[in-house]
Amino acid sequence: TALLTTLLLPWAAAEEAGGSSGFEPIRAKAALLVDADYNEVLYEENAHETMYPASITKLMTALLVAEAIEAGQFTMDTVVTVPDNAFEGLSKDGSTQNIKAGERLTVKDLFYCLLVASANEAANILALQVSGSLSAFVDQMNQKAADLGCEGTHFANPHGLHDPDHYTTAWDLYLLARAAMEYPIIQEAVSAQEYYVPATNLSEQRHFFNTNGLLSRLKYSYYYYPDAIGIKTGSTDAAGLCLVSAARRDGRTLYAVVLGAEQVDLGDRVQLEQFSESIRLLEHGFSDFTRQTLIDPNEFVTSLRVTLSKTADQVILHPAEKLEAFLPKGADLNDLEPKITLYVDGDSVEAPVAQGQVLGSITLTYEGRDYGPVDLVALDSVERSEWLYRQQQISQFLGQAWVKLVLVAVLILAAVLLLRATVFSRRRRYGGRTRSGGGSRGYRGRRR
């Protein structure tokens with residue numbers, strides 16, 4: 001499609017985003033805000049820089065589980081007996097639901113332990129259920145990341161405990177979150193405020209709350225965000241406090257990514273800024289932007305000179321389609337700066353020109369941010385003059401270097417032949433007289 005809106009054309013930097021709207025930069029190592037309905041970036045800060053994802057990794061684990069269920073490999077009701085090797089690579093102080101080897105749980109219960117309680121052992125158990133080995137599952141994770149277009153991601157485990165070779169970017173996490181949320185079972189799990197795991201053969205009933213403070217007041221008092229619909233937290237010493245969140249309001253769905261946030265001592269309490277900054281980022285997207293038409297197909301943008309036609313000497317160009325984007329409230333569209341690119345050699349186009357023919361593109365810039373490009377197309381058709389076209393063909397043919405060389409060679413050859421013919425003619429004329437006279441002198445004697 002000609003309209004690329006603003007995919008990968010983000011607000012250039014956090015300080016720029018704050019410059020026109022008064023929005024203060026997000027307090028984190030990286031941040032991203034995307035309108036998912038249009039795949040349009042509203043805010044970014046280090047969105048393509050390498051970061052550690054911590055337990056946000058579990059979104060990829062959940063996505064591969066959902067795909068395995070969709071493929072008929074097992075169901076949410078399948079009962080899994082926890083194998084002994086399910087605890088490989090886990091730390092003693094990591095997030096857990098104290099699942100034991102030999103314990104029997106359904107895939108659904110493990111799934112909610114994974115996404116609601118963020119249990120590391122649940123990630124390993126489900127990985128083994130999907131792929132048979134942790135290494136094979138990690139290979140699947142990296143292949144899926146590549147399939148999603150994640151260019152800055154590499155996974156080393158299914159849970160997200162720190163590994164120098166386990167990294168991603170805010171942009172890649174958005175791509176992962178958007179893909180994961182296409183599955184209803186993931187939507188339901190990441191939006192659950194709490195969950196009960198029934199008693200098993202080795203454990204009494206488990207009850208836990210979602211680690212995402214935006215979803216419930218039951219675990220965190222200060223961060224409930226009524227529009228939140230998910231999705232996943234993460235934290236390690238190396239990663240800092242991380243959150244990928246999603247919220248829906250008035251038909252709009254926004255995704256926010258905050259990586260490397262900190263906790264701040266406010267005196268009476270400790271503020272967890274992966275939550276507070278995510279709320280501020282989401283509210284910025286919902287409250288401070290309006291969707292506006294930047295260019296309309298009925299607008300005449302420019303004209304282009306036409307050659308080889310007797311009916312018209314120019315063609316009007318207009319946008320192929322409407323260009324819309326979210327701009328800060330109060331933005332003045334008169335400040336949009338157009339950049340026109342013409343797809344022609346020189347400053348003209350040769351007839352024939354078809355109505356709707358793509359002849360260029362236009363990109364609009366507002367405060368350093370680009371929107372577009374949109375194709376520029378011909379408003380009307382322009383017919384070609386066959387007489388002018390033939391003249392041009394002949395002229396172009398004769399103007400070719402090799403043709404010129406051939407013509408020069410022909411002229412030289414013709415001149416040589418003409419010269420030779422002239423010389424030969426002269427010799428023949430004068431040489432014939434000499435021989436005739438000599439012959440006469442040879443017969444002066446008496447005939448016998």
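Residue positions within a chain follow its written sequence, with the count starting from 1. Reporting of local features is limited, given that this is a predicted model, to residues whose pLDDT is at least 70; pairs of side-chain atoms are given and counted only at 80 or more, and all residues count toward the totals for whole chains, interfaces and linings. To get the side-chain values, take all heavy atoms of the structure and skip hydrogens and water.

### Describing the pattern of salt bridges
Point 1. Here, a salt bridge means any Lys or Arg side-chain nitrogen found within 4 Å of an Asp or Glu carboxyl oxygen. Considering all chains together, one arrives at 14 salt bridges under this definition.
Point 2. In this structure, the salt-bridge partner of E67 is K144, at a minimum N-O distance of 2.6 Å. Taken together, the residues E67 in helix α2 (residues 58–70) and K144 in helix α5 (residues 134–147) connect sequence positions 77 residues apart.
Point 3. On the accessibility criterion, E67 (23% relative accessible area) is partly exposed.
Point 4. Exposure remark for K144: the relative accessible area of 17% places this residue in the buried category.
Point 5. K322 is the partner of E324 in a salt bridge, and the nearest nitrogen-oxygen pair spans 4.0 Å.
Point 6. The exposure class assigned to E324 is partly exposed, which follows from its relative accessible area of 25%. Runs of H or I in DSSP of at least four residues are treated as helices and runs of E of at least two as strands, each being numbered from the N terminus. Burial classification: accessible surface area is computed with a 1.4 Å probe over protein chains only, and a residue below 20% of its type maximum counts as buried, one above 50% as exposed, and the rest as partly exposed.

### Focus: the packing of α2 against helix α3 (residues 107–115)
Point 1. Two numbers describe how α2 lies on α3: the axes approach to 10 Å, and their chain directions differ by 160°. Overall, the two elements α2 and α3 adopt an arrangement that is roughly antiparallel. The handedness of the crossing between α2 and α3 comes out as left-handed. Where α2 approaches α3, its residues K58, L59, T61, A62, V65 and I69 are matched on the opposing element by V107, F111, L114 and L115. Note on definitions: angles span 0 to 180 degrees between N-to-C directions of axes, and those axes are lines fitted to C-alpha atoms, for helices only across the stretch in contact. Note on terminology: angles under 35 degrees are roughly parallel, angles over 145 are roughly antiparallel, angles of 65 to 115 are roughly perpendicular, and the others are oblique. Crossings are assigned a handedness: left-handed for a near helix turned anticlockwise from the far helix by less than a right angle, right-handed for a clockwise turn. Contact criterion: two residues are considered in contact whenever any of their non-hydrogen atoms come within 4.5 Å of each other.

### Overview of unusual backbone geometry
Point 1. Looking along the chain, the bond that leaves G230 and enters I231 is cis, with omega of 10°.
Point 2. Among the secondary structure elements, I231 is positioned in strand β7 (residues 228–236).
Point 3. Cis peptide bonds are those with omega within 30 degrees of zero, and the linkage from G372 to P373 qualifies with 0°.
Point 4. As for its position among the elements, P373 is in strand β19 (residues 369–378).
Point 5. Positioned with a positive phi, L308 is a non-glycine residue whose angle comes to about 70°.
Point 6. Here L308 is to be found in the loop between β13 (302–307) and β14 (314–319).

### A word on the nonpolar core
Note on soluble globular proteins: their nonpolar side chains tend to be buried together.
Point 1. Nonpolar cores were defined as sets of buried Ala, Val, Leu, Ile, Met, Phe, Trp, Tyr and Cys residues, with membership established by side-chain atoms within 4.5 Å. L32, F111, L115, I186, I231 and L259 are the most contacted members of the largest nonpolar core, which totals 74 residues.
Point 2. No other element matches helix α6 (residues 170–180), which puts nine residues into this core.

### Concerning the sheet that holds β13
Point 1. Here a strand pair is declared whenever DSSP counts at least two bridges between the two strands. Pairing within the open sheet is mixed, and its six strands lie in the order β16-β18-β19-β14-β13-β17. Each edge of the sheet is formed by a strand with only one pairing partner; in this case those strands are β16 (337–342) and β17 (348–350). On average, each strand axis in the sheet is tilted by 35° relative to the strand beside it, whichever way the strands run.
Point 2. Of the pairings in the sheet, the one linking β13 to β14 comprises four bridges and is antiparallel in character. Looking across to β14, one finds that S303 is bridged to I316.

### Topic: the confidence of the model for the protein
Point 1. Mean pLDDT over the protein stands at 89; residues scoring 70 or higher make up 89%.
Point 2. The pLDDT value expresses, per residue, how confident the predictor is, ranging between 0 and 100. Contacts for the low-pLDDT stretch residues 1–20, under 50 throughout, to residues beyond four places or in other chains number 58 contacts.
Point 3. Contacts for the low-pLDDT stretch residues 434–444, under 50 throughout, to residues beyond four places or in other chains number zero contacts.

### Some details on the packing of helix α4 (residues 120–131) against α5
The geometry of a pair of packed helices is captured by two quantities: the angle between their axes and the separation between those axes.
Point 1. The contact between α4 and α5 brings their axes to 8 Å, and the two run at 85°. As the angle between them shows, α4 and α5 are arranged roughly perpendicular. Residues N124, A127, L128, V130 and S131 of α4 lie in contact with α5, whose contacting residues are L134, A136, F137 and Q140.
Point 2. Taken together, the residues that form the contact of α4 with α5 break down as six nonpolar, three polar and no charged. Only Asp, Glu, Lys and Arg are considered charged, only Ala, Val, Leu, Ile, Met, Phe, Trp, Tyr, Cys and Pro nonpolar, and every remaining residue, Gly among them, polar.

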